[in-house]
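Coordinates in review
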Amino acid sequence: MPARVLLTRALPEEATAVLRKHAELDVHEGESPLSKAELIERVRGKQALVCQLTQRVDAEVLGAASELRGVANVAVGFDNIDVKAATARSIAVTNTPGVLDETTADFTWALLLGVARRVVEGHRLARSGQWKGWDLMQLLGTDVHGKTLGIVGLGRIGQRVARRARGFGMRVLYCDAARAAAEVERELGVEWAEKERLLRESDFVSLHVPLLPETRHWMGPAEFELMKPTAYLVNASRGPVVDEAALAEALEQKKFAGAALDVFEQEPKIHPKLLALPNVLLAPHIASASVETRTRMAMVAAENVVAVLSGQRPPNLVNPEVYEGKTTCKEG
Ligand code: GLV
C-alpha cells in the first residue's frame with residue numbers, strides 16, 4: 001500500500017510532484033488552517049504531515065495519528081509544533097533552514113529602509129490625489145547610511161543582514177547567546193556588544209533570534225527605555241520576541257522613533273494601537289515570501305518527507321533524538 005501524506009496547504013506543483021511519486025496525497029485546499037478537529041480527523045492513517053506555521057500541531061493531534069512518522073514544517077521556525085510530544089512518539093520533525101536566509105535578509109532591509117524613509121506614507125500620498133508637489137519639509141525621514149545597526153542574533157539571517165549593512169557604511173553591533181568567532185566578526189565587520197550597550201547605541205535594532213523561552217519578550221518596557229529617542233525597531237523574527245502591548249505604549253509615549261514589523265504576537269491579530277500609529281510599518285509575515293524561496297522551502301519539506309518515508313534520516317531534522325540508536329535503511 002502506498003504511503004499517505006496530509007498537506008495542510010497546497011504546495012507549489014514542483015514539490016507536490018516530488019511527493020506524489022512517493023505517496024498518496026490528501027491536500028487541504030483552503031488558505032486557512034484546518035481546525036483541530038479537522039486535523040485530527042484527516043491526519044489519521046497518514047504516515048507524514050506537511051504543514052505551515054499557522055497550523056498548530058499539538059500533543060493531542062500527534063496522539064491521534066498512530067501511524068505518523070514525520071511532520072515537515074514548511075518554515076525555518078517550528079514553534080507551531082509540540083516537538084517534545086513528537087519526540088516522545090518517535091515522530092521526526094523537520095524544518096527548512098538555509099534556503100530562506102538571503103530573502104529574509106533582503107526583506108529586513110525593506111522594512112528598515114521603508115520605516116526610516118517613510119516609503120509607505122509617501123506611496124499613500126502619491127496615490128491620494130492630495131500631493132501638491134516637491135516640498136522641502138515634506139515626509140522627512142532619517143538617514144540610514146553611516147548609522148549604527150544593532151543585530152540581535154547573529155545566526156544565518158542576522159549575518160546576512162550584517163553583510164548588507166556594509167553597503168550602507170554602517171557600524172554594526174551584535175549580541176547573541178554566544179559570541180561569534182573572531183574571524184566571523186572580522187569578515188562581517190561586526191562588533192560584539194552586551195544587550196544594554198547595543199540598545200543604547202543603535203539607531204536601528206533588528207531582531208533575528210528564534211522564539212525560545214529565553215527570547216520571549218526579549219524586548220519589553222525596560223528595553224524600550226534604553227533605546228535612543230531617534231531609534232527604530234525592526235522585527236522579522238517572531239512576534240512574541242517583542243512585548244507588543246509594551247511596544248505600542250512605548251511608541252505612543254515617543255520613547256523611540258518607530259518600528260517595522262513583519263511578525264506579531266497573535267497573528268493574524270495586530271495590537272490595535274499599532275494599527276493606529278503612523279510611525280509603524282506593518283507587513284503580514286512575508287519576509288521569506290519570494291516565488292523562488294517559497295518554492296525552495298516547499299521542495300526542502302518534500303525532500304524531508306521522502307527521506308522519512310524511505311526510512312532515512314531526514315536532512316533537516318529538529319529532533320535528532322528520534323534517530324538516536326536507530327539504523328536507517330541507507331546506513332543499514
Ligand atoms: C517564517 O517565519 C519561517 O519560520 O520560515
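Residues numbered from 1 in each chain as written. Predicted model: local features only at pLDDT ≥ 70, side-chain atom pairs only at ≥ 80, totals over all residues. Heavy atoms only, no water.

**Let's talk about a nonpolar patch on the surface**
To keep it simple, the criterion reads: Any residue with relative accessible area above 30% and no salt bridge may belong to a patch, with like charges joined within 9 Å and the nonpolar Val, Leu, Ile, Met, Phe, Trp and Tyr side chains within 5 Å. Where accessible areas are quoted, they stem from the Shrake-Rupley method and a 1.4 Å probe; at the residue level, only the protein chains shown are allowed to cover. We define a salt bridge as a contact between a side-chain nitrogen of Lys or Arg and a carboxyl oxygen of Asp or Glu at a distance within 4 Å. Secondary structure elements follow DSSP: runs of H or I of four or more residues count as helices, runs of E of two or more count as strands, with numbering from the N terminus. Only protein chains enter the area calculation, which uses a 1.4 Å probe; residues under 20% of their type maximum are buried, those over 50% are exposed, and those in between are partly exposed.
A cluster of nonpolar side chains, Trp-134, Leu-136, Met-137 and Leu-140, forms an exposed patch at the surface whose accessible area comes to about 550 Å². In this structure, Leu-140 sits in the loop between α6 (119-128) and β6 (148-152). The exposure class of Leu-140 is partly exposed, given its relative accessible area of 43%.

**What to know about the sheet that holds strand β1 (residues 3-7)**
How we decide: Two strands qualify as a pair provided DSSP detects at least 2 bridges between them. Fitted lines through C-alpha atoms serve as axes, helices being fitted only where they are in contact, and the angles separating the N-to-C directions of these axes extend from 0 to 180 degrees.
Here five strands make up an open sheet; going across it, the order is β2-β1-β3-β4-β5 and the pairing parallel. Of all the strands in the sheet, just β2 (23-27) and β5 (92-94) have a single pairing partner and so form its edges. Taken pair by pair, the neighbouring strands of this sheet meet at an average axis angle of 15 degrees, ignoring direction. The pairing of β1 with strand β3 (residues 48-51) spans three bridges and is classified as parallel.

**Overview of the domain arrangement of the protein**
Cut-off, in case you're wondering: An automatic or database domain assignment is the source of the domain bounds shown. Residue contacts are defined here by distance: any two heavy atoms, one from each residue, within 4.5 Å place the two residues in contact. Two parts lose some accessible area (1.4 Å probe) when they are put together, and adding that loss for both gives the buried area. A 3.5 Å cut-off defines polar contacts: any pair of N or O atoms within that distance qualifies, except that in protein one atom must be a possible hydrogen donor and the other a possible acceptor, and neighbouring residues in sequence count only when both atoms are side-chain atoms.
Domain annotation of the protein identifies domain 1 (3-99 + 291-323) and domain 2 (101-282). Computed over C-alpha atoms, the centres of domain 1 and domain 2 are 32 Å apart. Counting from both sides, the interface comprises nine residues of domain 1 and, opposite them, five residues of domain 2. Around 520 Å² of area is buried between domain 1 and domain 2 when both sides are counted, 43% of it from carbon and sulfur atoms. Taken as a group, Asp-79, Gly-98 and Thr-293 account for 59% of the area that domain 1 buries against domain 2, more than any other trio of residues on that side. On inspection of domain 1 and its partner domain 2, the count reaches two residue pairs in polar contact (both at pLDDT 80 or more).

**A few points about the site of the ligand**
This is how it is decided: Here a residue counts as near a molecule or strand whenever at least one of its heavy atoms sits within 4 Å of it. Amino acids outside the nonpolar list (Ala, Val, Leu, Ile, Met, Phe, Trp, Tyr, Cys, Pro) and the charged list (Asp, Glu, Lys, Arg) are all regarded as polar, and Gly is one of them.
The immediate surroundings of the ligand are formed by Leu-53, Ala-75, Val-76, Gly-77, Leu-100, Arg-238, His-285 and Met-297. In this structure, an oxygen atom belonging to the ligand sits 2.8 Å away from a main-chain N or O atom of Val-76. Interatomic distance of 2.8 Å between a backbone N/O atom of Gly-77 and an oxygen atom of the ligand. For the ligand, whose accessible area on its own is 190 Å², the fraction buried by protein is 89%. Considering only residue class, the shell around the ligand consists of five nonpolar, two polar and one charged.

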